[in-house]
Amino acid sequence: MENIIYDATFHGLLTAIFEVYDHKFTQVNICTENQVQPGFFGCEYMIETDVKKSERVWLGLKNKLSSIAQKQLYHTFLSEEKNIENYILRYVQYAFSGKPGVEHNYSHPDVLKIVQTDKKVRREKHRMEAFIRFQLTKDNLYYAISQPDFNVLPLIEKHFKNRYADQRWMIYDAVRKYGIYYDLNKVERVEITFSENANKGVDISGIYDDHEELYQALWQQYFKSVNIPARKNTKLHIQHMPKRYWKFLIEKQPADW
């Protein structure tokens with residue numbers, strides 16, 4: 001068994017798949033360095049990400065799969081689920097096998113896994129687009145803290161760039177310790193380390209704009225006014241807005257009045 005170790009990037013994964021074919025490996029386990037189990041029998045093969053190699057694999061898939069199926073593969077990678085790299089590898093091998101209708105063969109366990117995982121990641125993407133709440137800092141930066149189940153920041157940046165094109169903003173993933181920052185021209189990935197005093201970025205009210213508390217109060221009051229008690233359906237509400245999002249929603253914070 002060959003342990004192929006890559007750098008946890010999508011280009012790195014595609015490079016690893018290229019190496020599987022190039023070296024004609026038959027039994028492999030693709031993983032990141034921190035996923036290698038101590039004492040696991042087999043050879044370790046460290047690969048260096050090569051964009052040209054990864055693009056060759058992606059181009060090959062483009063000739064075998066629809067654009068929808070390619071997106072499903074990328075979304076599945078962003079799920080970061082355990083052993084997901086090897087599901088993707090087997091799916092790619094199946095796609096390159098030349099058999100017709102690969103992406104629609106849901107009886108194949110790897111195809112089914114990719115389709116199901118893609119669905120979960122897209123659901124999380126849509127929830128993030130709906131539940132992100134920005135707060136304004138004194139230097140006119142709109143920021144939002146999030147804790148998504150999957151690594152969906154790359155999937156939501158286009159939505160927020162289009163929707164908030166006239167303001168600087170940053171969305172921070174507190175689970176993966178990075179954010180996306182828009183400077184009125186482009187979106188960039190940023191690495192931020194919050195101090196313990198800042199409560200990991202959740203409570204940084206000291207840098208709020210002077211009018212931010214008023215904005216939050218108005219939003220809470222609006223939410224209260226449109227929330228008709230007689231039509232309250234808690235079960236349905238939680239289904240569409242899971243409780244794990246609530247701590248980042250302004251309308252779910254206790255009012256001061």
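Everything numeric here is computed off the predicted structure, so don't read it as measured data.

1. A short note on the pattern of salt bridges
- Scanning the entire structure with this criterion turns up 11 salt bridges.
- Its salt-bridge partner being Glu 19, residue Lys 53 comes within 2.8 Å of it at the nearest N-O pair. Remark: Glu 19 occurs in helix H1 (residues 10-22) and Lys 53 occurs in helix H2 (residues 51-62); sequence separation between them is 34 residues.
- Linking Glu 188 and Lys 186 is a salt bridge whose minimum nitrogen-to-oxygen distance equals 3.8 Å.
- Beyond isolated ion pairs, a larger network of salt bridges with shared partners links Glu 80, Asp 173 and Arg 176.

2. Focus: helix H5 (residues 109-131)
- Helix length check: H5 (23 residues) gives 33 Å between terminal C-alpha atoms against 33 Å at 1.5 Å per residue, within 8%.
- Buried within H5 are the following residues: Asp 110, Val 111, Ile 114, Thr 117, Asp 118, Val 121, Glu 124, Lys 125, Met 128, Glu 129 and Phe 131.

3. A few points about the packing of H1 against helix H4 (residues 84-95)
- Where H1 meets H4, the closest approach of the two axes is 11 Å, and the angle between their N-to-C directions is 55°. Taken together, the axes of H1 and H4 lie oblique to each other. Regarding H1 and H4, the two cross each other, and that crossing is right-handed. Contacts from Leu 13, Ile 17, Val 20 and Tyr 21 of H1 reach H4 at Glu 85, Ile 88, Leu 89, Val 92 and Gln 93.

4. Some words on the pairing of strand S8 (residues 187-191)
- As judged from the 5 bridges shared by strand S7 (residues 178-182) and S8, these two strands associate in the antiparallel manner. Bridging from a neighbouring strand, Ile 180 pairs with Arg 189 of S8.
- In textbook terms, the turn of a hairpin is the stretch between consecutive antiparallel strands, and for S7 and S8 this stretch comprises 4 residues, one of which, Leu 184, has a positive phi near 85°.

5. What about the sheet that holds strand S4 (residues 135-136)?
- Taken in spatial order, the 5 strands line up as S4-S5-S6-S7-S8 in an open sheet, and their pairing is mixed. Each end of this open sheet is capped by a strand with a single partner; those strands are S4 and S8.
- As paired elements, strand S5 (residues 142-146) and strand S6 (residues 169-173) share 5 bridges and run parallel to each other. Following the sheet pairing, Ala 144 is matched in S6 by Ile 171.

6. Quick look at the environment of Val 121
- Inspection of the secondary structure assignment puts Val 121 in helix H5.
- Residue Val 121 is classed as buried on the basis of its relative accessible area, which comes to 0%.
- Taking the C-alpha atoms as reference points, Val 121 and Phe 77, separated by 44 residues in sequence, lie 9.5 Å from one another.

What counts and how
Along each chain, numbering runs from 1 in the same order as the chain's sequence is written. Residue-level local features of this predicted model are given only where pLDDT is at least 70; pairs of side-chain atoms are given and counted only at 80 or more, and the full residue set underlies all totals for whole chains, interfaces and linings. Only hydrogens and water are set aside; all other atoms, that is, all heavy atoms of the structure, feed into the side-chain values. A pairing counts as a salt bridge when a side-chain nitrogen of Lys or Arg comes within 4 Å of a carboxyl oxygen of Asp or Glu. By definition, any uninterrupted DSSP run of H or I lasting at least four residues is a helix, any uninterrupted run of E lasting at least two residues is a strand, and each is numbered from the N terminus. To estimate the expected span of a helix, count its residues, drop one, and scale the result by 1.5 Å. Only protein chains enter the accessibility calculation, which uses a 1.4 Å probe. A residue is then buried if its area is under 20% of the maximum for its type, exposed if over 50%, and partly exposed in between. Interaxial angles span 0 to 180 degrees and are taken between N-to-C directions of axes, which are lines fitted to C-alpha atoms, for helices over the stretch in contact. Angle categories: roughly parallel below 35 degrees, roughly antiparallel above 145, roughly perpendicular from 65 to 115, and oblique for all the rest. In this scheme the crossing of two helices becomes right-handed for a clockwise turn of the near helix relative to the far one and left-handed for an anticlockwise turn of less than a right angle. Residue contacts follow a heavy-atom distance rule, with two residues in contact if any of their heavy atoms lie within 4.5 Å. A pair of strands counts as paired when DSSP detects no fewer than two bridges linking them.

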